[in-house]
Amino acid sequence: MYSLKEELYTQRLNRFNLAFKRQIPDRVPILFMSEMWPVHHCGLSSSEVLKNPLLFFDAFKKTFSEIYIDGLYSLGNLWIESLFNTLNNTGSYVLSDGIVNYEERNSCYMDVSDYYALIKDPLKFMLNEFFPKKFEILSYGDTRSAQALNQAFQAYRDHRQKSMYLFEQTENVLGIPVLARTVASFGPDILHEFFRGFQGVVTDINRCPQLFLEASSVLTSCITEMKMKIYNTPEDGHIVMIPLHLGTFLKPKDFEKFYLPFLIQVLELYTRADYTVCLFLENDWTPYLEYFESFPKGRILGIFEYGNLHEIKKRVGNYLCVAGGMPISQLAYGTKQQCIDTAKRVIDECAPGGGFIFTTDKLMLSLNDGRFENIRAAHEFVHEYGKY
Amino acid sequence: MEEKKTVEMLFDDLKKSHEEEFGEEEMEIIIDEMILSMLF
């Protein structure tokens, strides 16, 4: 017997998938992008939720019985506190009010001289050179290291089991697709975020460009191969999420040489294997839209943080499905009517022809990122007005 | 004197000790996921 929730889930997932293919679904899909917003909205403790991801389910159940959505971009719990605690390192992230913040100074464990080992074998480098620097306990190579790694494994396994259960419950019980099956990255962003830091990569681009290029290429291949092994069912209608960070902070000439080739490389690898890729285009990509012509054909979705979405859709709508449109600043500080007016304008401008998903311009991290009444009103409006 | 093990060797030991529980293929996936999570 096909349940109502199953039917709803299938309808919603199909809605997104038609948009991914730049076709016209029955209505404009509404994507909800948040980390802790539902948790705070329901009065739950964010630190408790991070310890026990199953609590997210209570937050989702209440929040999305009040606010209409077609899908969640992810579960919102990327950071695994217990894993890092057992290895005596907080990772590159710090917590404040349940919001996970990136800490640049913790991402510089690699020296320039390490490039050679990384290029030779990126996985071996991560395991044998990078991890012992990042996690001192693993550098001993004795029983203490083995015990710590075993404890980290128990913590990871526990988190994984809970996350998988949360994923299944959200999709099967609530009928809400959780789109991102995995969050991926590629060469230049990995070097920037995990290995060299911003100052490091900018210096490397100028002083040892060939090493940066070679490392970017092998890292892109290695990480993509691992990700495809982990998420090996690209036909399931879900997505690989790739946030883009370093690119728009480079000079246009450097962007062309040190970022674009690897963005195209990672898109080619995934789309050739029939994955749907979602690029979270952080910062303003307006000056870079001309490069989208060189993107491979395939299911690519772009969430735009800044820029005129109407212009963006006109310029790149033939290459990728466009998502965004609702500024969280207005959800936080505007009136209900202002939010509805914006939603109407966005639908009028961007929905025609399909290949469009309505969502916020940024992730809603904390409760202050959007007033409940405004989000509910905007989503209710789009759900009705966004019918094709 | 205890042999000093690389992290790769430590992961191999971990893999072997849980292979029966998860099966070889699934255990490899879990380890890969864990390694990538540790990059953060």
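For clarity, every value in this text was computed on a predicted model and none was experimentally measured.

Asker: How should the overall build of chain A be read in this particular structure?
Answerer: Broken down by element type, chain A carries 15 helices and 10 strands. Taken over C-alpha atoms, the radius of gyration comes to 21 Å for chain A, in line with the 21 Å a tight globule of 388 residues would show. By its C-alpha atoms, chain A is 60 × 45 × 45 Å across when sized along the principal axes. Long-range pairs, those at least 24 residues apart, make up 74% of the contacts in chain A between residues at least 6 apart in sequence. Averaged over its 39 positive side-chain charges, chain A has a centre that lies 2 Å from the centre of its 46 negative ones.

Asker: What exactly am I supposed to notice about the UniProt feature "domain: Uroporphyrinogen decarboxylase (URO-D)" (unreviewed entry) in chain A here?
Answerer: Those places that UniProt annotates as "domain: Uroporphyrinogen decarboxylase (URO-D)" (unreviewed entry) correspond, in this numbering, to residues 196-385 of chain A. The span residues 196-385 of chain A shows a helical share of 52% and a strand share of 15%, and its end C-alpha atoms are spaced 47 Å apart.

Asker: Just checking my understanding: could you explain the nonpolar core for this structure?
Answerer: Most often, soluble globular proteins keep nonpolar side chains buried together rather than apart. Core analysis: the biggest nonpolar cluster contains 126 residues, and Phe131 and Phe195 of chain A together with Phe11 of chain B have the highest contact counts within it. With 10 residues, the top contributor of residues to this core is helix 11 (residues 252-272) of chain A. Ranked by size, the runner-up nonpolar core spans 20 residues in total, among them Phe16, Ala19, Leu179 and Ala323 of chain A.

Asker: Sorry if this is basic, but what is going on with the interface of chain A and chain B here?
Answerer: Where interface size is given, it is often the accessible area lost as the parts come together that is meant. Opposite the 41 residues of chain A that make contact, chain B presents 28 residues. Between chain A and chain B the total buried area reaches about 3,200 Å² when both faces are included, carbon and sulfur atoms providing 69% of it. Across the contact surface, chain A and chain B share six salt bridges. Between Glu26 of chain B and Arg160 of chain A there is a salt bridge; the shortest N-O distance is 3.1 Å. At the junction of chain A with chain B, the criterion picks out 12 residue pairs in polar contact (both at pLDDT 80 or more).

Asker: Would you explain the environment of Asp274 of chain A in this entry?
Answerer: Residues and elements named next belong to chain A. Tracing the chain through its elements places Asp274 in the loop between helix 11 and strand 7 (276-281). Owing to a relative accessible area of 42%, Asp274 belongs among the partly exposed residues under this scheme. When the C-alpha atoms of Asp274 and Gly298 are compared, they prove to be 7.5 Å apart, with 24 residues separating the residues in sequence. Setting aside anything within four residues of it in sequence, one finds Asp274 in contact with Pro234 and Arg299.

Calculation notes
- Residues numbered from 1 in each chain as written.
- Chains lettered and ligands numbered in written order.
- Predicted model: local features only at pLDDT ≥ 70, side-chain atom pairs only at ≥ 80, totals over all residues.
- Heavy atoms only, no water.
- Helix = DSSP H or I, 4+ residues; strand = E, 2+ residues; numbered from the N terminus.
- Rg over C-alpha atoms; globule rule 2.2 N^0.38 Å.
- Contact = heavy atoms within 4.5 Å.
- Lys, Arg positive; Asp, Glu negative; His and termini not counted.
- Charge placed at Lys NZ, Arg CZ, Asp CG, Glu CD.
- UniProt positions renumbered as here; feature names shortened; annotations may be inferred.
- Core = buried A, V, L, I, M, F, W, Y, C linked by side-chain atoms within 4.5 Å.
- Buried < 20%, exposed > 50% of the residue type's maximum accessible area, 1.4 Å probe, protein only.
- Buried area = accessible area lost by both parts, 1.4 Å probe.
- Salt bridge = Lys/Arg side-chain N within 4 Å of Asp/Glu carboxyl O.
- Polar contact = N/O pair within 3.5 Å; in protein donor to acceptor, adjacent residues only side chain to side chain.

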